[in-house]
Each structure stands twice: as structure tokens, then as C-alpha cells.
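# Observations on the model geometry
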Amino acid sequence: MTRAGAKIGRVLFTKEEIEARLDVLAGEIQERYAGGELTVVAVLKGSLFFTADLMKRLKIPVRMDIIEISSYSGGVTPAPSGEKTLSKYIADDVHDRDVLVVDDILDTGGTLAEVLGLLRAENPRSLATCVFLVKKRKRRLKVPIDFCGFEVKARDFVVGYGLDYAQRYRNLPYLAVLKGVGKSKRGTKTSSRRKPAAVKKTRRKTASGERTGDSRKKRRPRPVSSGRRRKRGGRS
Ligand code: 5GP
Ligand code: MG
């Protein structure tokens, strides 16, 4: 199936439904972190709109940082190895801070598991997760989700509200199913038959000799497993 065959299908959640859910989520988050200061770490690019809209609703002190990580090389099928590419990492120290990781969608859990592993090593005071969407499926990786927007079917490949197909459709204000992209009877290639990445194994495999030590140098995207940890003080 070519990319040209992809079409926007059923709308799952309208702009209004998303906004109403965000109000509720923001209320829950505020309640949890009342009296403290929250550090939101957005997992880009997919969670860009969700994070921004959520943060605008929070009335507690909130800081923001970003991580950019991807497992898809432009379509609906993640890299078969499950390897992720980390192209941006948090700039500020999150040690002893209350960190909330905000991501677009939990599918196998591989992406979030990687991100949580990296952030746990920074010794935050607390580490919680908030995802816009959770795919209803069995997961080998048990990723704790503290706040969730909506559930979607595992067989649906969804786009809009930050989620893309080959970098398109992120700007749709609603969430829709994408039709005509490598669907089988039981689902897309991203569905439950995909084996989640062995996160630790991947990390070990590529851990050697990747780190330059100079956080201010412009780096090429590289596998998340490359042993990079922090880029403290490198950016303002
Ligand atoms: P996981 O690592 O949990 O298997 O996959 C998470 C990532 O895969 C998400 O952050 C997102 O980038 C991508 N992904 C998984 N399912 C979908 C989907 O239905 N639509 C889009 N646009 N991206 C998806
Ligand atoms: Mg993502």
C-alpha cells in the first residue's frame, strides 16, 4: 500500500471531546501535585499539542523539558529491531524534582519504557506518566500509566492532534483513524502481533564508544541505547 493510499477515516474524538477530557486530566494532575512544583517532560514530536494544551490548564508552578525519540521511520511500521532514535534529551537537571512524562500514545510500551529508564537514572523525587492515548492490547512491557486521556483499539492507526503518519496530519484538531495503510484483517502492522523491543538488550548492543562528552556539540540522531544520559548545562 502506498502512502498515497492513506486517507483520514472515522473521527474517534472531536476537538471538543479532547478539550473536555483535558480539563478533567489537568484537574487530576493538579490535585496530585498540589503545593509542589511539577516538571513536565514532553516526549516529542507526538505529544506536542497534548502537552501544550494540558500545561495551559495547570494552575500549579510547572517547568518544562523535552525528549525527542522515535521508533517509526516515516510510516506505520516501527523499526523491526525495535531500536529507538533519541534525537533530543532533557536540558535541565531533574534530580529531586517531581517529573511527569507526557507522551502521545502507549502501544507496545517500548518508547515509554526507554524514556522512563533514562529519567529514572536522573534520580527524580517522583516519576509519573501521562499519555493522551492507550492502545487496548496485551503488553509484555509493564509500563505504569498514571494519567490517561483515552483508550483506542490496537488495530487502529490513529492520526491527528499531534500524531502523524509520515509526518503528516499532526495539525488535525481531532483524532481520527487512518485508512488504507498496511492493514490486515486483525490490525495494522503496529498492532498486537508486533514483538516489543528488548530494551536492555538493545542498549547493551550499542552502548560502546558513542558518547562524545561534549554536550554542546551538535549531534546526529542516534539509537537511544547509545549510552547518552544527560546534556546538563549545554542548552539554555
Ligand atoms: P510504543 O513504543 O509504545 O510501541 O509506541 C509508541 C510510539 O509509537 C508512539 O509514541 C507513537 O509515536 C507511535 N505510535 C504507536 N501507535 C501509533 C498510532 O496509532 N498512530 C501514530 N501516529 N503513532 C503511533
Ligand atoms: Mg511518541
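Above: the structure in question.
Described below are features of the structure shown in this document. (Residues numbered from 1 in each chain as written. Chains lettered and ligands numbered in written order. Predicted model: local features only at pLDDT ≥ 70, side-chain atom pairs only at ≥ 80, totals over all residues.)

### Considering the sheet that holds strand β1 (residues 7-13)
Filter applied, for reference: Should DSSP find at least two bridges between two strands, the strands are regarded as paired. Helix and strand assignments follow DSSP, with helices taken as H or I runs no shorter than four residues and strands as E runs no shorter than two, numbered in order from the N terminus.
The strand order across the open sheet formed by three strands is β1-β9-β8, and the pairing between neighbours is antiparallel. The open sheet has two edge strands with one neighbour each: β1 and β8 (158-159).

### What to know about the environment of Thr39
Quick reminder of the rule: By the convention adopted here, residues make contact when the C-beta atoms placed from their backbones lie within 7 Å.
Of note, Thr39 is situated in strand β2 (residues 38-44). Sequence-wise, Thr39 and Asp98 are 59 residues apart; in three dimensions their C-alpha atoms are separated by 6.0 Å. Ignoring anything within four residues of it in the chain, the contact list for Thr39 reads Arg63, Asp65, Val94, Arg97, Asp98 and Val99.

### Topic: helix α1 (residues 15-33)
Formally: What a helix should span is 1.5 Å times the count of its residues minus one. Three classes are used. A residue is buried when 20 or more other C-beta atoms lie within 10 Å of its own, exposed when 12 or fewer do, and partly exposed in between, with C-beta atoms placed from the backbone. In this context, the arc is that of the directions from the helix axis out to the C-beta atoms.
For α1, spanning 19 residues, the distance from its first C-alpha to its last is 27 Å, which sits close to the expected 27 Å at 1.5 Å a residue. Listing the buried residues of α1 in full gives Ile18, Leu25, Ala26 and Ile29. For α1, the angular spread of the buried residues around the axis is 110°, confining them to a single face. Opposite the buried face of α1, by more than 90 degrees, sit the exposed residues Glu16, Ala20, Asp23, Val24, Glu28 and Glu31. In this structure, the buried side of α1 is in contact with β1, α2 (48-57), β5 (98-106), β6 (126-136), β7 (147-153) and β9 (175-179). Following α1 by one or two positions, Gly35 adopts a phi angle in the positive range, close to 85°.

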